[in-house]
Amino acid sequence: MIEMEHVTKRFAKDAAPAVDDLSLEIPEGVTVALVGPSGCGKTTTMRMINRLIEPTEGRITVNGDDVRAVDPVIFRRHIGYVIQQVGLFSHMTIAQNIGAVPKLLGWSADKIRARNEELIALVGLDQAMLTRYPRQLSGGQRQRVGVARALAADPPVLLMDEPFGAIDPIARTRLQNEFRQILQRVKKTVVMVTHDIDEAVRMGDRIAIMRSGKIVQYDTPDEILSRPVDAFVEDFVGADRALKRLSLYEVSQVMQPAVDATATAKIALDADLRNALSAMIAANTDRLAVVNAAGTPVGSVTRDAITAL
Ligand SMILES: Nc1ncnc2c1ncn2[C@@H]1O[C@H](COP(=O)(O)OP(=O)(O)OP(=O)(O)O)[C@@H](O)[C@H]1O
């Protein structure tokens, strides 16, 4: 668990605070996305957690320990950090990159090798990548390596700074969905910074919306999209917030088990409701047959069931 208590950061004595009396509690195993307009203090907030930036006032604890009590260099080896440009060492192989922190921690060569193989599989890359150099990988592959490297020493906390910023939009959505599953599997406490509300909705268990160094709303994506606390949040999440919210639910969650033989259009069981509604509009119908992975009808979904959510 990460706790920030009344944390303020001023970069200059008489400057307006970049982070202003901010308190935030992030339970263990939860992914929190910090979002907000440029300059609102997202990155500063995140970097204070691993002491890349020192707070002017306030207290930050990670699993009960005050972050100031530990040597920052040692401390940072226990907090995974993923950044937009990945920051892989270009003169080192992928294996050496992933194994960098374990090596600093004094792990044996065998243990590092086994961990590398485990991590490269976890992030969906071929073992053959381990002997390559970063320049021999695509941007998306490098980003996967960046996550593998951050997870190498099994840190309880992972910080991600605009991790998908440099990836093209189609690959980005796929990576976001995949990383969400990976993060759920490894049960890390994750803080990520993004300016993209769609990314926050896709990745976050909770979203903290920031404005001028303060948190305006800290809630689940569903709550933020259905009940924005004020006009600023409402505007920030976008006029299509009802549709965005539908993308949080799967067809299986509102499906009726009775197979509707008269339905002319189909939707997959694991499709999201935004896509289901879109399929209804495209087929000019108000119900769809729901099919499983084998294409067998397993139920039906109606427009009323979707809009009643
Ligand atoms: N090293 C620094 N020295 C002085 N001011 C800084 C420094 N770093 C950040 N700031 C200021 O603090 C404020 C918050 O910056 P921060 O980088 O945390 O915002 P952000 O929400 O992450 O923005 P962006 O989305 O543009 O990256 C900004 O006004 C910025 O100019």
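Since we're looking at a predicted model, the values are computed, not measured. (Residues numbered from 1 in each chain as written. Predicted model: local features only at pLDDT ≥ 70, side-chain atom pairs only at ≥ 80, totals over all residues. Heavy atoms only, no water.)

Asker: Can you walk me through the nonpolar core in this structure?
Answerer: Grouped together as the largest cluster of nonpolar side chains are 42 residues, with contacts concentrated most on Ile98, Met160, Phe179, Ile197, Ile207 and Ile209. Residues contacting Ile207, with those up to four places away along its chain left out, are Ala33, Val35, Ile197, Ala200, Val201, Gln217, Tyr218, Asp219, Pro221 and Ile224. By size, the runner-up hydrophobic cluster in this structure holds 26 residues, among which are Leu24, Ile79, Leu159 and Met210. (Core = buried A, V, L, I, M, F, W, Y, C linked by side-chain atoms within 4.5 Å. Buried < 20%, exposed > 50% of the residue type's maximum accessible area, 1.4 Å probe, protein only. Contact = heavy atoms within 4.5 Å.)

Asker: Would you take a moment to explain helix H12 (residues 273-283) for this structure?
Answerer: When H12 is considered as a whole, its buried residues turn out to be Leu273, Ala276, Leu277 and Met280. Projection of H12 onto a plane perpendicular to its axis shows the buried side chains occupying an angular sector of 95°, all on one side. With respect to the buried face of H12, the exposed residues turned more than 90 degrees away are Ile281 and Ala282. Against helix H11 (241-246), strand E11 (266-268), strand E12 (287-291), strand E13 (297-302) and helix H13 (303-307) lie the buried residues of H12. With a side-chain oxygen positioned 3.0 Å from the backbone nitrogen of Arg274, the residue opening H12 is Asp272. Phi for Asn284, located one or two positions after H12, is positive at around 50°. (Helix = DSSP H or I, 4+ residues; strand = E, 2+ residues; numbered from the N terminus. Arc of directions from axis to C-beta. Polar contact = N/O pair within 3.5 Å; in protein donor to acceptor, adjacent residues only side chain to side chain.)

Asker: When you look at the domain arrangement of the chain in this model, what are you seeing that I'm missing?
Answerer: The figure often quoted for interface size is the accessible area lost as the parts come together. Segmentation of the chain into domains returns domain 1 (2-245) and domain 2 (251-307). In this structure, domain 1 and domain 2 have C-alpha centres spaced 35 Å apart. (Domains from an automatic or database assignment.)

Asker: Sorry if this is basic, but what is going on with the packing of aromatic side chains here?
Answerer: Inspection of every chain in the model, using the stated rule, returns two aromatic pairs. Aromatic pair Phe164 and Phe179: ring centres 5.4 Å apart, planes at 50°, arrangement tilted. Taken together, the positions of Phe164 in the loop between strand E7 (157-161) and helix H7 (169-186) and Phe179 in helix H7 put the pair 15 residues apart, joining distant regions of the chain. With respect to burial, Phe164 and Phe179 carry one shared label: buried. An angle of 20° between the planes, with centres 6.3 Å apart, marks the rings of Phe232 and Phe236 as stacked. (Phe/Tyr/Trp six-rings, centres within 6.5 Å; stacked < 30°, edge-to-face > 60°.)

Asker: Would you mind going over the site of the ligand with me for this structure?
Answerer: In the vicinity of the ligand, the residues found are Phe11, Ala18, Pro37, Ser38, Gly39, Cys40, Gly41, Lys42, Thr43 and Thr44. Between an oxygen atom of the ligand and a side-chain N or O atom of Ser38, the distance comes to 2.6 Å. Here an oxygen atom of the ligand and a backbone polar atom of Cys40 are 3.1 Å apart. Here the ligand loses 52% of its free accessible area of 630 Å² to cover by the protein chains. (Near = heavy atom within 4 Å. Areas by Shrake-Rupley, 256 points an atom, 1.4 Å probe, with all protein chains shown as cover.)

Asker: What is the right way to look at the sheet that holds E7 in this model?
Answerer: The strands making up a sheet associate through hydrogen bonds between their backbones, and the pairing can be parallel or antiparallel. Here we have six strands laid out as an open sheet, ordered E6-E7-E8-E3-E9-E10, and mixed in their pairing. Looking at the sheet topology across the chains shown, the edges are occupied by strand E6 (79-83) and strand E10 (214-219). Taking the axes of each pair of neighbouring strands and ignoring which way they run, one obtains an average angle of 15° across the sheet. By the bridge criterion, five bridges tie E7 to strand E8 (residues 189-193) in an arrangement that is parallel. Residue pairing for E8: Val157 is matched across the bridge by Thr189. Helix H1 (residues 42-49) contacts strand E3 (31-35), E6, E7, E8 and strand E9 (206-211) of the sheet and is inclined by roughly 150° relative to E7. Against the sheet, helix H6 (residues 139-151) touches E6 and E7, its axis set at about 165° to E6. (Pairing = 2+ DSSP bridges. Axes fitted to C-alpha atoms, helices over the stretch in contact; angles between N-to-C directions.)

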